[in-house]
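# Structure assessment
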There are 2 protein chains.
Amino acid sequence: MATMKDVAELAGVSLGTVSRVINKAQGIKPQTLDKVNVAIEKLNYIPDQYARGMKLNRTNTIALIVPTIWHPFFGEFAYHVEQELSRLDYKMLLCNSAGPEKEAEYIKMLQQNKVDGIIAITYSSIEEFLSSGIPFVSFDRVFPGMDIAYVASDNKVGAEIAAKTLIEKGCTHFGFVGAHNETENETKKRRQYFEKTIVDAGYKISILDEVEPVPNLKEKIRKFLIANPTIDGIFTINDFAALDVIEVAEDLGIKVPEDLQIIGYDGIKMAMERQYVVSTIKQPLEEMSKKAVELILDIIDDKEHTRQYLIPGYYVEGKTTKK
Amino acid sequence: MATMKDVAELAGVSLGTVSRVINKAQGIKPQTLDKVNVAIEKLNYIPDQYARGMKLNRTNTIALIVPTIWHPFFGEFAYHVEQELSRLDYKMLLCNSAGPEKEAEYIKMLQQNKVDGIIAITYSSIEEFLSSGIPFVSFDRVFPGMDIAYVASDNKVGAEIAAKTLIEKGCTHFGFVGAHNETENETKKRRQYFEKTIVDAGYKISILDEVEPVPNLKEKIRKFLIANPTIDGIFTINDFAALDVIEVAEDLGIKVPEDLQIIGYDGIKMAMERQYVVSTIKQPLEEMSKKAVELILDIIDDKEHTRQYLIPGYYVEGKTTKK
DNA sequence: CTGTTAGCGCGTTCAG
DNA sequence: CTGAACGCGCTAACAG
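Report on the accompanying structure. (Residues numbered from 1 in each chain as written. Chains lettered and ligands numbered in written order. Predicted model: local features only at pLDDT ≥ 70, side-chain atom pairs only at ≥ 80, totals over all residues. Heavy atoms only, no water.)

### Quick notes on the protein's contact with DNA strand C
- Close to DNA strand C lie 26 residues, the nearest being Arg52 of chain A together with Thr17, Arg20, Thr32 and Lys55 of chain B.
- Across the atoms of DNA strand C situated within 4 Å of the protein, the share located in sugar and phosphate is 58%.
- In the environment of DNA strand C, a phosphate oxygen lies 2.5 Å from a nitrogen or oxygen atom belonging to the side chain of Arg52 of chain A.
- Arg20 of chain B has a polar side-chain atom sitting 2.5 Å from a base oxygen of DNA strand C.
- Listed by contribution, the elements that provide at least two residues to the surface near DNA strand C are α2 (15–22) and α4 (49–56) of chain A together with α2 (15–22) and α4 (49–56) of chain B.
- In terms of residue count, the dominant contributor to the surface near DNA strand C is α4 of chain A (five residues).
- Considering only residue class, the surface near DNA strand C consists of 10 nonpolar, nine polar and seven charged. (Near = heavy atom within 4 Å. Polar contact = N/O pair within 3.5 Å; in protein donor to acceptor, adjacent residues only side chain to side chain. Helix = DSSP H or I, 4+ residues; strand = E, 2+ residues; numbered from the N terminus. Nonpolar A, V, L, I, M, F, W, Y, C, P; charged D, E, K, R; others polar.)

### Thoughts on the state of the cysteines
- A full pass over the atoms with the stated rule returns zero disulfides over all chains.
- In this structure Cys95 of chain A is a free cysteine whose sulfur lies 14 Å from that of Cys95 of chain B, the closest cysteine sulfur available.
- Residue Cys95 of chain A is classed as buried on the basis of its relative accessible area, which comes to 0%. (Disulfide = S-S within 2.5 Å. Buried < 20%, exposed > 50% of the residue type's maximum accessible area, 1.4 Å probe, protein only.)

### Some remarks on the relation of the copies chain B and chain A
- With an axial shift of 0.0 Å and an RMSD of 0.2 Å, the rotation relating chain B to chain A amounts to 180 degrees. Taken together, these values place the two copies in the relation of a two-fold axis. Using C-alpha coordinates, one finds that chain B approaches the rotation axis most closely at Leu93 of chain B, a distance of 2.3 Å.
- The residues that chain B uses at the interface reappear at the interface of chain A in 98% of cases, marking a shared surface. (Least-squares fit on C-alpha atoms with pLDDT ≥ 70 in both. Contact = heavy atoms within 4.5 Å.)

### Focus: the protein's contact with DNA strand D
- Within the structure, DNA strand D sits among 25 residues, and Thr17 and Thr32 of chain A together with Met4, Tyr45 and Arg52 of chain B are positioned closest to it.
- Sugar plus phosphate: this is where 62% of the atoms of DNA strand D within 4 Å of the protein reside.
- Between Arg20 of chain B and DNA strand D, the recorded distance is 3.4 Å, taken from a side-chain N or O atom to a base nitrogen.
- Between Asp48 of chain B and DNA strand D, the recorded distance is 3.0 Å, taken from a backbone N or O atom to a phosphate oxygen.
- Within the residue set of the surface near DNA strand D, elements represented by two or more residues are α2 and α4 of chain A together with α2 and α4 of chain B.
- Here the surface near DNA strand D takes five residues from α4 of chain B, the largest share from any one element.
- When grouped by side-chain class, the residues that make up the surface near DNA strand D number nine nonpolar, nine polar and seven charged.

### Side note on the nonpolar core
- Ranked by internal contacts, the top residues of the largest apolar core, which has 107 residues, are Ile119 of chain A together with Ile119 of chain B.
- If we skip the residues at most four places from it in the chain, Ile119 of chain B touches Ile62, Ala63, Leu64, Ile65, Phe77, Val81, Val137, Ala292, Val293 and Ile296 of chain B.
- Phe129 and Ile148 of chain A together with Leu93 and Tyr106 of chain B belong to the second-largest nonpolar core, a separate cluster that totals 34 residues. (Core = buried A, V, L, I, M, F, W, Y, C linked by side-chain atoms within 4.5 Å.)

### Digging into the pairing of strand β1 (residues 61–66) of chain A
All names here are of chain A.
- For β1, a buried count of six out of six residues is recorded, marking the element as mostly surrounded by other parts of the structure.
- The alternating pattern of β1 places Thr61, Ala63 and Ile65 and Ile62, Leu64 and Val66 on opposite faces, both of which are buried.
- Across six bridges, the pairing between β1 and strand β2 (residues 91–96) is parallel. Looking at β2, one finds that Val66 is bridged to Asn96.
- With helix α5 (residues 72–87) bridging β1 and the parallel β2, this β-α-β connection has right-handed handedness. (Pairing = 2+ DSSP bridges. Right-handed = clockwise from strand over helix to strand, strands pointing away.)

### Some words on α5 of chain A
Residue and element names in this part refer to chain A.
- When the terminal C-alpha atoms of α5 are compared, their 22 Å separation across 16 residues agrees well with the 22 Å that a helix rising 1.5 Å per residue should span.
- By the criterion of burial, α5 is predominantly enclosed, with 14 of the 16 residues buried.
- Directly after α5, the chain includes Asp89, whose backbone phi takes a positive value near 70 degrees. (Expected span 1.5 Å × (residues − 1).)

### Here we look at the packing of α2 of chain A against helix α3 (residues 30–43) of chain A
All names here are of chain A.
- The contact between α2 and α3 brings their axes to 10 Å, and the two run at 85 degrees. It follows from the interaxial angle that α2 and α3 lie roughly perpendicular. Mapping the contact onto sequence places Thr17, Val18, Val21 and Ile22 in α2 and Val36, Asn37 and Ile40 in α3.
- When grouped by side-chain class, the residues that make up the contact of α2 with α3 number five nonpolar, two polar and no charged. (Axes fitted to C-alpha atoms, helices over the stretch in contact; angles between N-to-C directions. Parallel < 35°, antiparallel > 145°, perpendicular 65-115°, else oblique.)

### A word on the pattern of salt bridges
Residue and element names in this part refer to chain A.
- This model, assessed by the stated rule, comprises 35 salt bridges over all chains.
- The salt bridge partner of Glu195 is Arg191, with a shortest N-O separation of 3.1 Å. One end of the pair, Glu195, and the other, Arg191, are both in helix α9 (residues 188–200), four residues apart, so they sit about a helical turn from each other.
- A relative accessible area of 24% places Glu195 in the partly exposed class. (Salt bridge = Lys/Arg side-chain N within 4 Å of Asp/Glu carboxyl O.)

### What about the sheet that holds strand β10 (residues 280–282) of chain B?
All names here are of chain B.
- Strands sit in the order β7-β6-β8-β9-β10-β12 across an open sheet of six strands; the sheet is mixed. Each end of this open sheet is capped by a strand with a single partner; those strands are β7 (204–211) and β12 (314–316). Adjacent strand axes in the sheet meet at a mean angle of 25 degrees when their direction is disregarded.
- Bridge count for strand β9 (residues 261–266) against β10 is three bridges, and the pairing is parallel. Note on β10: the bridge partner recorded for Gly264 is Thr280.
- Each of β6 (173–180), β8 (233–236), β9, β10 and β12 is contacted by helix α8 (residues 155–168), which is oriented at about 165 degrees to β9, the strand it contacts most.

### Description of the pairing of strand β5 (residues 149–153) of chain B
All names here are of chain B.
- The buried count for β5 comes to five of five residues, which makes it a mostly enclosed element.
- Here β5 shows a buried face lined by Ala149, Val151 and Ser153 and a second buried face lined by Tyr150 and Ala152.
- Pairing between strand β4 (residues 136–139) and β5: three bridges, direction parallel. Bridged to Ser138 within β5 is Tyr150.
- Across four bridges, the pairing between β5 and strand β11 (residues 308–311) is parallel. The partner of Tyr150 across the bridge, within β11, is Gln308.

Below you can see the structure in the form of structure tokens.
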């Protein structure tokens, strides 16, 4: 590896001059600039970002913490974040938190490594992130009252769209299928506002809302569908739950979407070029990812912008609703 | 951020001593060790990995390059790699190569950043990796004759298992559905040995093997199935192709698996806890990932082990074959 | 067993 | 406009 020193020698200038060229400083004599550039080219010199980072306290690296990358929602999210980051000449350190204990470890690791900031989907306690003083953006979870920057989808609007869509498509007895955990959670609005919209419109609604973890959700769904044979429109907490409902329905001889229409949430696909797996409320992940990146960089640069973004999703028609 | 100097002062020892404590050196007086540890605790001191990396030329970071993380196969792979890496106290830099040009950029970036090594699934030219001199492990692609470390699945064995399984399950007219590109490619063995096994067994086989990119694979499959109505067993180049075959078959009123049995390749799921989407030849990604990590670390440490691993997959029964 | 010191590769004064 | 010198936080070699 060639170093700045080598370049300086070859170009017949001093270290400082080379540094200035690298950093595109003003007022360098075109001639010297040329000499240096030639030397850089010749030696195939590449500045060492870490030596540099040590001085500047900047590493141009952002950490992304997700529960697991092996999941289409997080996979898509990570994809967009990385694309955006790389466009801006940043790198992405990826962490599967896979539980609260590993998250804490990661924070420590990230401090050591001086990543410039963290974007995280975390469902565990956030205090450690705050106290660490590292620029931090929360994704998909809001922290009411706390001064934490976040980007999340507007679950209220999404739930309302789901309800209205099912009503438009002629359903009369509605169901909600989901699971939740104890933490105060933005996703609870999916049930809350779906229920409210249906009730306000004067329709009947039945709820299946288990507490996580749910070992045998399908069995629960089975009983739920049997107990409520008139249900003809279901909104689920996410697309995976919708897939479960489909399987159970098929098993019970209930035809989707003829007898039962289903709308999920998230908008997952198996891969970018594939179809959506169910009719769904799509979270605009590309837009959200870009916003999250913009936010974290603004925070790093101390440009204070709006720090909280709630972005609405939109309905995507799949094969689980009537045309 | 506290530094080593602060710790040394507070503990009343010198920098070197603190360094020794951090690095768990032998032969430190228990008393001093204690003093230092207390000071570290008190100051909440965390060593700066980058300053350290500058000395050691080690960053404890591995880059993983995949075409796109938004894909269940690469998602699972990245998941396992990260898990293993994190277990060994390494971090993972994730890169979506999304085409050859970005790959080259990444190599440069990675040199700058002194990642200790690269694990890559790359279908473009490999020369740049080699010339860069960075420890490198190729995944899912072998380089015959070249001294490149790789981990890949044994496509020959997989294809043979697929053929034998379909034969066992009573098929008599076989089909292969796939696509390939011009690069010399290990995955071509999937077709090659499937075909050979079927022919050797004395059965009839029909082939649909397009050149990538294939804009309308489903239409091609449709024509293929119509032209070959007696096909009752199909092996596809990967699980996505199998999904396409299923959709077309359903559309044509062909029942899967009653009329047509299908075996894919890869063993993708939508997420860890989900089912396999089709009967398939599963690539043992967890094992392969661990091996890839082991390999890259061995190369970094100059421990010369076997540098080429071909790991056989195994048959997984899904819903596209008879019991 | 511990303190001292010389860099690692770079950015940034501060003089010229 | 440019060069020399210092220091970022740390490790390693060498003294003591």
